[in-house]
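Residues per chain are reported as follows:
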Amino acid sequence: QEDHFKKVISHAKEYGYIFGSSEIYDGLSAVYDYGQNGAELKKNIRDYWWKSMVQMHENIVGLDASIFMHPTTWKASGHVDAFNDPLIDNKDSKKRYRADVLIEDYAEKLNQKAEKEIAKAKKRFGDAFNEEEFVTTNPRVLRYREEQETVLKRMARSLEAEDLADVKALIEELGIADPDTGSKNWTDVRQFNLMFGTKLGASAETATDLYLRPETAQGIFVNFLNVQKTGRMKIPFGIAQTGKAFRNEIVARQFIFRMREFEQMEMQFFVRPGEELKWYEHWKETRLNWHLSLGLGKENYRFHDHEKLAHYANAAADIEFNFPFGFKELEGIHSRTDFDLKAHEAHSGKKLQFFDHELNESYVPYVVETSIGLDRMFLAVFSQSLEEEELENGSTRTVLKLPAILAPVKAAILPLVKKDGLPEVAQKIIDDLKYDFNVAYDEKDAVGRRYRRQDAAGTPFCITVDHDTLEDECVTIRDRDTMEQKRVKISELSTILHQKIDF
Ligand code: ATP
């Protein structure tokens, strides 16, 4: 697994997906830039989300609010007082960690041990294996699972009660060591606010203290009535937004999984009070189906229902994904009650209510939110798509099996040779296709090498122009995943690509 993660990082760089930020100055820790292919993949993920959420739902509309917001916003939302992470330092290594993440990693290792036992038994018993019976009777699996649950429950309880001494006690009792040095010499656990502060205004005396938004959601809440009134929206309805968010994460690590500057795709769905749990279930299911639609494998997703709820929620679940370092949160679905709108009413003195004609009454709506990190989604898609594949002839190929709808370049057009008029035909095909698809031209090296290059870059189709093309107006289209080649008419290319790639 670790090896695969290293490959993901180096492959992302080699193929123009992700670079370290300001590399010529030796980089900036945990900050990344998206290269020519990364920018396209990111945009395609964002568009895929936007289409599914906004275009496909008559009662969901978009918004693009500012990163800067009035500072009272963050008082009202609770971020000034409660947006903290429990932090712990190792006295020997002087390294800083999130106490909850250390404990979660410990719990995930227990889970992996249980999974290993299951996999071993599966191998041993073959077809006769009954997984359900095994996991409910095998003493080792039961012990691992039980300990995992106990640990996570105790952590959740202590964090909820802000009993930081118990969080430290738990770390010590479990014998958790500094992952880098193995030292168990820990400081106390402290709370640390994650918001980035900045200043607006030229002179020191008149400048206003601002925060960079730590989530996009608040831009939606403060615009709730603007959108509802001007869009004549009726409850239930949603507002969707994508954009940058900033968190001064204590430990930004695991590549683009946890960043200090990242992008969110959030949707707040406003509902009648009392109907929120129904909608919460609806959005849990709808969002999971969105993920499954990309075909990255059902077994790579699971729900994690929260026991410890944030100060604003009455139900919350994560969709977790099987990242190269184990199952971790990819998306959150939260039933946020009327906490945010009520808090903004109280702090602004303005009513944020909806008049429900059917009920003939006004109320502050309840909110169900779906919130996903675009960069985290990028990592999920990219790491799951990267494969080293053994071929029938014994050789291996590196292939990035990105879902075609997300791939940066949809087709590469390759003249078999650089002469005899083939490049000109290839160029003409590009000129026809480029209005609808992002296509690329490649004439360097033997065609086999070019196929491999496109496989590794994630291009789902290669279209090859050869000498026969000059006679029969046909080209060969090769599928990245099956490596099958088919002869098709140039005039049919656009239709074929549309069939394979359209939303
Ligand atoms: P975590 O527990 O991993 O810190 P969170 O529960 O604080 O995440 P939310 O506040 O629910 O996360 O944010 C919603 C989504 O935004 C997350 O599911 C994740 O995909 C993304 N996200 C949050 N923090 C980061 C980050 N530092 N870098 C990248 N993506 C992030």
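For the structure, see preceding data.
Okay, so let's go over this structure. (Residues numbered from 1 in each chain as written. Predicted model: local features only at pLDDT ≥ 70, side-chain atom pairs only at ≥ 80, totals over all residues.)

### Here we look at the site of the ligand
As a matter of local geometry, the ligand sits amid 16 residues, with Phe262, Gly332, Ser371, Gly373 and Arg376 nearest to it. Going through the elements one at a time, β10 (261-271), β13 (326-337), β16 (366-373) and α13 (374-385) are the ones with two or more residues in the shell around the ligand. Among the elements that take part in the shell around the ligand, β13 stands out by supplying four residues, more than any other. Here the shell around the ligand is built from residues that sort into four nonpolar, four polar and eight charged. (Near = placed C-beta within 6 Å. Helix = DSSP H or I, 4+ residues; strand = E, 2+ residues; numbered from the N terminus. Nonpolar A, V, L, I, M, F, W, Y, C, P; charged D, E, K, R; others polar.)

### A closer look at the packing of helix α2 (residues 36-55) against α13
Following both chains from N to C, one finds α2 and α13 inclined at 110°, their axes separated by 10 Å at the closest point. Taken together, the axes of α2 and α13 lie roughly perpendicular to each other. For the pair α2 and α13, the contacting residues are Leu41, Lys42, Ile45 and Arg46 in the first and Leu374, Met377, Phe378 and Val381 in the second. Across the contact of α2 with α13, the residue classes break down as six nonpolar, no polar and two charged. (Axes fitted to C-alpha atoms, helices over the stretch in contact; angles between N-to-C directions. Parallel < 35°, antiparallel > 145°, perpendicular 65-115°, else oblique. Contact = placed C-beta atoms within 7 Å.)

### Remarks on the nonpolar core
Ranked by size, the top nonpolar core spans 81 residues in total, and within it Ile45, Phe378, Val381 and Ile463 carry the most contacts. If one sorts the elements of this core by residue count, α13 sits on top with seven residues. Once you skip the residues sitting within four places of it in the chain, Phe378 turns out to touch Leu41, Lys42, Ile45 and Ile256. Leu102, Ile103, Met155 and Leu159 belong to the second-largest nonpolar core, a separate cluster that totals 14 residues. (Core = buried A, V, L, I, M, F, W, Y, C linked by C-beta atoms within 7 Å. Buried ≥ 20, exposed ≤ 12 C-beta atoms within 10 Å, placed from the backbone.)

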